Amino acid sequence: MYASKTLLKVAVLLLGFSLSSYSTSAPAVEVPLTINAQQNSLNASVELSALVSFDISVQFENAVGLTPQNMTLEAHLLNLADPDILHRLPNSLLTTIPQAFPVLISISPDSAKGFAFSGAYTIEIYTKSLHYTEGTPLRLFHSHNNGTFADITTMTGSGSYRVRGNGGQFSDFIILTDLRDTNTIIQSKLARLQNIANNSQSLLAAGAYQVLSDAIDNVSIAMNSSNKGQALSALEHLIHLLEADNGTIYPDVWRSSNDLNNVRGNLISAATTLRFSLRIE
């Protein structure tokens, strides 16, 4: 088994005003990042302060160029009122940064080094800075290219708080407290799934797009009929359809030059987080 160590660059970002319990002059912290190329995985343990720390792992279906020289992961302590973050939240009043864990995590593979992966990666964050309770509104959100953060949560659990999600592209990750109405969350996830499919139409054969569109329509019809069981069944069919493909029907490669659309990975991410929300409704 091949395992290598590189440095995980952790920068502490404090803007505008200091947060209570955090030093305004906290230096950047560097910690080891473990990369296992044979197992297509990376992980790290990060301590930003005496009160804020976490473990992070990313598991790929398949990856090329997963080396110490190709990966940069940065974590920032955030100002809770940072307008650069607040304007990217789905709802600045109902989706908020938890004061106990004001952390932005950015994964940025070097655009010139040839890193690529296929399908959907799985990302998991574990922190003792937050505590899991049944019905917790804490969720994992992702943003690409400074866009609006979207909920990608597929699992939450204890110990003290553990959250898992997946995706088909990189940039920023953040844990937020999401107090939006459950139906609003579910409808926004359905809309995201539909938008990814619609925006990918030109990349798909006509027959493949029709199969995909019909599968999503079946989910939508069941949800609009308030038939949760049927909606979950239709979602399982869609997820199986996507997971069974190897990129032949649905393009599924993302690379650090950011010039490819990982259709399959993005669709899997949207479908599985929608399934999560429907299951806990």
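Everything that follows concerns the structure shown earlier in this document.
Anyway, here's the lowdown on the structure attached to this text. (Residues numbered from 1 in each chain as written. Predicted model: local features only at pLDDT ≥ 70, side-chain atom pairs only at ≥ 80, totals over all residues. Heavy atoms only, no water.)

## Some details on the overall build of the chain
So, point 1. Helices and strands together make up the secondary structure of the chain, namely five helices and 16 strands.
So, point 2. Here the chain holds 281 residues, and 51% of them are scored as buried.
So, point 3. Restricting to contacts in the chain with at least 6 residues of sequence separation, those with at least 24 account for 74%.
So, point 4. On the chain, roughly 12400 Å² of surface is accessible, and the fraction owed to carbon and sulfur atoms is 49%. (Helix = DSSP H or I, 4+ residues; strand = E, 2+ residues; numbered from the N terminus. Buried < 20%, exposed > 50% of the residue type's maximum accessible area, 1.4 Å probe, protein only. Contact = heavy atoms within 4.5 Å. Areas by Shrake-Rupley, 256 points an atom, 1.4 Å probe, with all protein chains shown as cover.)

## Structural notes on the nonpolar core
The nonpolar side chains of soluble globular proteins are, as a tendency, buried together.
So, point 1. Of all hydrophobic cores here, the largest spans 36 residues; its most connected members are Phe 54 and Phe 60.
So, point 2. The residues contacting Phe 54, other than those within four sequence positions of it, are Ala 44, Ser 45, Val 46, Leu 48, Ala 75, Phe 101, Val 103, Ile 105, Ile 125, Tyr 126 and Thr 127. (Core = buried A, V, L, I, M, F, W, Y, C linked by side-chain atoms within 4.5 Å.)

## Some points on the sheet that holds strand 9 (residues 116-118)
So, point 1. On the basis of which strands lie adjacent, the open sheet formed by three strands has the order 5-9-16 and antiparallel pairing. Across the chains shown, the open sheet's two edge strands, defined by having one partner strand only, are strand 5 (62-64) and strand 16 (253-255). When strand polarity is set aside, the average angle formed by the axes of neighbouring strands in this sheet is 15°.
So, point 2. With three bridges connecting them, strand 5 and strand 9 associate as antiparallel partners. Along strand 9, the bridge assignment pairs Asn 62 with Ser 118. (Pairing = 2+ DSSP bridges. Axes fitted to C-alpha atoms, helices over the stretch in contact; angles between N-to-C directions.)

## A few points about the side chain of Thr 136
So, point 1. Positionally, Thr 136 belongs in the loop between strand 10 (121-127) and strand 11 (138-143).
So, point 2. Owing to a relative accessible area of 4%, Thr 136 belongs among the buried residues under this scheme.
So, point 3. In terms of polar contacts, Thr 136 uses its side chain to reach the backbone amide nitrogen of Leu 138, at 3.2 Å. (Polar contact = N/O pair within 3.5 Å; in protein donor to acceptor, adjacent residues only side chain to side chain.)

## Let's talk about a nonpolar patch on the surface
So, point 1. On the surface, Leu 93, Leu 94 and Leu 179 cluster together to form a nonpolar patch covering roughly 320 Å² of accessible area.
So, point 2. Structurally, Leu 93 is set in the loop between helix 1 (83-86) and strand 7 (95-96).
So, point 3. Assessed through its relative accessible area of 71%, Leu 93 is described here as exposed. (Patch = residues over 30% accessible without salt bridge, like charges linked within 9 Å, V, L, I, M, F, W, Y side chains within 5 Å. Salt bridge = Lys/Arg side-chain N within 4 Å of Asp/Glu carboxyl O.)

## With respect to helix 5 (residues 263-280)
So, point 1. Across its 18 residues, helix 5 extends 26 Å between first and last C-alpha, which sits within 8% of the 26 Å expected from 1.5 Å per residue.
So, point 2. Buried residues dominate helix 5, accounting for 16 of its 18 residues. (Expected span 1.5 Å × (residues − 1).)

## Structural notes on the environment of Phe 101
So, point 1. Structurally, Phe 101 is set in the loop between strand 7 and strand 8 (103-107).
So, point 2. With 24 residues separating them along the chain, Phe 101 and Leu 77 place their C-alpha atoms 8.2 Å apart.
So, point 3. Excluding residues that lie within four positions of it along the chain, Phe 101 makes contacts with Val 52, Ser 53, Phe 54, Thr 127, Ser 129, Leu 130 and Ile 175.

## Quick word on the pairing of strand 3 (residues 41-47)
So, point 1. Sheet topology note: the strand 3/strand 4 (residues 53-59) ladder contains seven bridges and is antiparallel. Paired with Asn 43 across the strands is Ser 57, a residue of strand 4.
So, point 2. Where strand 3 folds back onto strand 4 in an antiparallel hairpin, the turn is made up of five residues.

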